[in-house]
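Survey of secondary and tertiary structure
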Amino acid sequence: AGFQPSDIMVMLDTDPKTIPPTGANIKNALRTAVAACQDGDELFVHFSGHGTQVPVMEPDPDEPDHLDEAICPTDMNLLCDNDLVEIFAPLGQYPDIKLTFQADCCHSGTLLDMDNCEINGPKKGGPPAPLAVTPAGVFDARVDQGHRSLAFQDV
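Residues numbered from 1 in each chain as written. Predicted model: local features only at pLDDT ≥ 70, side-chain atom pairs only at ≥ 80, totals over all residues. Heavy atoms only, no water.

1. Re unusual backbone geometry
Threshold: A helix here means a DSSP run of H or I that spans at least four residues, while a strand means a run of E at least two residues long, and both kinds are numbered starting from the N terminus. Type-normalised accessible area, obtained with a 1.4 Å probe on protein chains alone, sets the label of each residue: buried when under 20%, exposed when over 50%, and partly exposed for intermediate values.
Within the chain, H66 stands out as a residue other than glycine whose phi angle is a positive 60°. With respect to the helices and strands, the residue H66 is situated in the loop between β2 (50-55) and β3 (67-72). Here M76, not a glycine, exhibits a phi torsion of approximately 60°, which is positive. Mapped onto the elements of the fold, M76 is located in the loop between β3 and β4 (79-80). Looking at M76, the relative accessible area reads 53%, which means it is exposed.

Written out as structure tokens, the structure is:
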């Protein structure tokens, strides 16, 4: 199985043959991918770049530190955690869609504003992994009737 080359979109700021990874282009690509999903599909999103935190505009109970986490596209049109949650929210209507969002950037551990986080499976030869959020890693985010959870898995 796996992903077919025709199902893969790559955006690079170093290759003019690809779509540039601006804020608008990333949002458009994510929305298009989410809209195309059907039950049973897998959606894998990888971001490598800069991440930041910005002050929240309005009081937000999801942000006790009063900071939104964000990824920094090449044009600095930031995509905040709230933007990403809104973009991925329609996936919640499908019980069998698997979303893997991998972010290689600062402040990625709380980038999707998950309600909880768990790490599944012990490392080879070691004790079971503790419950924790790490700043970088592969995680499986599922949206289920308004409840968001995040499960890290060893790869």
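2. Quick word on the pattern of salt bridges
The condition is simple: Each salt bridge in this description consists of a side-chain nitrogen of Lys or Arg and a carboxyl oxygen of Asp or Glu lying within 4 Å of one another.
Counted according to the given criterion, the structure contains 1 salt bridge. When the shortest N-O distance is used, the salt bridge between E86 and R31 registers 3.1 Å. Here E86 is found in helix α2 (residues 81-88), whereas its partner R31 is found in helix α1 (residues 23-36), with 55 residues between them in sequence. A relative accessible area of 40% places R31 in the partly exposed class.

3. Overview of a nonpolar patch on the surface
Our working definition: Within this analysis, patches are made of residues with over 30% relative accessible area and no salt bridge. Like charges are joined at 9 Å or less; nonpolar side chains (Val, Leu, Ile, Met, Phe, Trp, Tyr) at 5 Å or less. Per-residue accessibility takes into account occlusion by the displayed protein chains alone, with areas from the Shrake-Rupley method and a 1.4 Å probe.
On the surface, F3, I8, V10, L12 and F44 cluster together into a nonpolar patch covering about 460 Å² of accessible area. As for its placement among the helices and strands, L12 is situated in the segment before α1.

4. Quick look at α2
Along an α-helix, residues three or four apart share an orientation, since each turn contains 3.6 residues. To keep it simple, the criterion reads: Working note: the arc is built from the helix axis to C-beta atom directions.
Taken together, the buried positions of α2 are occupied by D81, L84, I87 and F88. Axial view of α2: buried residues confined to an arc of 125°, hence all on one face.

5. Observations regarding the pairing of β3
Applicable threshold: Note: two strands are recorded as paired if DSSP finds a minimum of 2 bridges between them.
For β3, the tally of buried residues reaches 5 of 6 residues, placing the bulk of the element in the interior. Here 2 bridges tie β3 to β4, and the two strands are oriented antiparallel to one another. Looking across to β4, one finds that I71 is bridged to L79. Following β3, the chain reverses through 6 residues before pairing antiparallel with β4; M76 in that reversal takes a positive phi of roughly 60°.

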